[in-house]
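# Inside the fold
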Amino acid sequence: MIFYLAIAAVTIALAVLVKAVPADGGNGKISRQQACNGLCLFSIFAILFAVSACRLNVGNDYAKYVEFMHLIACDAYSYVPTEAGFNALVTILYELAGSENYLLVFAVFAFFTLWFFLKAMYRQSDSFGWSFFLFMAFGFYFSTFNTVRYYFALALALYSIKYVLKGEWGKFVLMILLGSGFHKSLLVVIPLYFLASLAWKKWQLGLMALFCTTFFFLQDFYLKAVVFLYPSYEDTEYLEGGISWFNILRCLGVLVFSLCYYKQAIEGSKKNRFYFFCNLGALALYTCCSFLPIITRIGYYLNVTQILLIPAVLIKIKDQKQRRFWGAAIFLAAAGYFGLYLLRAGNDGIRVLPYQTFMFHDMVPILSDVN
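A short tour of the structure in this document, coming up. The residue numbers shown here count from 1 along each chain, following its written sequence. Reporting in this predicted model follows two pLDDT cut-offs: at least 70 for local features of residues, and 80 or more for side-chain atom pairs to be given and counted; totals over whole chains, interfaces and linings ignore these cut-offs and use all residues. No hydrogens and no water enter the side-chain calculation; it runs on all heavy atoms of the structure.

Pairing of aromatic side chains here covers Phe, Tyr and the six-membered ring of Trp, requires ring centres within 6.5 Å, and sorts the geometry by plane angle: under 30 degrees stacked, over 60 edge-to-face, intermediate tilted. All chains considered together, the criterion is met by 50 aromatic pairs. Taken together, a centroid distance of 5.5 Å and an interplanar angle of 80° make the contact between Tyr193 and Phe274 edge-to-face. In this pair, Tyr193 is assigned in helix 10 (residues 189-197) and Phe274 in helix 16 (residues 270-288), connecting sequence segments 81 residues apart. Exposure remark for Tyr193: the relative accessible area of 0% places this residue in the buried category. Relative to Trp326, the ring of Phe257 lies with its centre 4.8 Å away and its plane at 50°, an arrangement referred to as tilted. Here Phe257, found in helix 14 (residues 245-260), pairs with Trp326, found in helix 19 (residues 320-343); they are 69 residues apart in sequence, far enough to count as distant. For a lysine, the NZ atom is tested; for an arginine, the CZ atom; a charge sits over a ring if that atom is within 6 Å of the ring centre and within 35 degrees of the ring normal. Positioned over the ring face of Phe138 is Arg250, at 4.3 Å from the centre of the ring. Directly above the aromatic system of Tyr150 lies the positively charged group of Arg297, at a separation of 5.7 Å from the ring centroid. Where helices and strands are cited, they refer to DSSP runs of H or I of at least four residues and of E of at least two residues respectively, numbered from the N terminus. Each residue is assigned to one of three classes by its accessible area relative to the maximum for its type, calculated with a 1.4 Å probe on protein chains only: buried under 20%, partly exposed between the two thresholds, exposed over 50%.

As structure tokens, this is what we get:
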């Protein structure tokens, strides 16, 4: 835990030094702040990538992924539920390595997942320091140790928002389709992000709220739809839903904070309005669709925008005392959330503690080795 706290503290301190800089006007000169930004971003990336790439058997499904990769290498595709993109990547990397080098696969996923997350925050956030702090405090980084395919897809989803806001729907859909080759749940962001991009009127929100009530009395229908999309979930524990109180409370807190400054920060901003509706949609999913399997993953495609929305609202607060108050409140709440996350980090379902590295530990036997 101390190691994770140190990683978070060092990288957040570096992130605070990253500031937005105006365009250089085409003179080709690099300003001092631009140089500082580049050095800090590189350092952050190097630290987080090293921690992620060097881990061994850290993550609830690490051994399961090693097993999947082994089966892919043996051409036993009927025994793996992973998508074609993932299967192809594993095959290519194993061929290049000349052996079943699962460490290389995890390193490649860590590289691109972090690259898309950091690039999205740097290009799309009004305050990289705040966004990165929330990225770490909400556990997004350490959660990338689990379900590497999904968190790669989540990073792509966050990055693709820039295309939605620019109205470049062709690029957006193409990126999502390519990403769905690694985790097909990514396809849900096409309708979800389209809906969030609309300028909703009150009566339209009322109709959507009415539609959400169908989730309470048509549960069997929606569960059948999920099984159709994910046949491997049938007759498994994955069909068991559950209320995610942490995510509900987090969405409520962010929405209440945003509503306090709706006219200042949300109403006249297409970008902030999109983030706001994403979080409103996430709250609806967590409250109305708790019976659906792994609803948290679907909701994360929406509430990951919290790391962009909170700084965007915060910097729009004109009164300095109010801005300081909310800044302190958000910092304490996020730090408390991070503390709770670390306390549960060794539990089943998360298991990112204790941290182990291939330099000092050996991989546990996988199912194929036991059999």
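There is more to say, and it comes next.
What follows deals with the pattern of salt bridges. Side-chain pairing between opposite charges can occur once the charged atoms of the two side chains come close. A pair is scored as a salt bridge if a Lys or Arg side-chain nitrogen falls within 4 Å of a carboxyl oxygen belonging to Asp or Glu. Within the structure shown, the criterion is met by four salt bridges. A salt bridge links Glu83 to Arg149; the shortest N-O distance between them is 2.8 Å. One end of the pair, Glu83, is in the loop between helix 3 (62-73) and helix 4 (84-97); the other, Arg149, is in helix 8 (residues 148-166), and 66 residues separate them in sequence. Take Glu83: its relative accessible area is 10%, and that puts it in the buried class. The partner of Asp126 in a salt bridge is Lys271, and the shortest N-O contact between them spans 2.9 Å. Residue Asp126 is found in the loop between helix 5 (102-124) and helix 6 (128-137), and its partner Lys271 is found in helix 16; the two are separated by 145 residues along the sequence. Judged by its relative accessible area of 23%, Lys271 is partly exposed.

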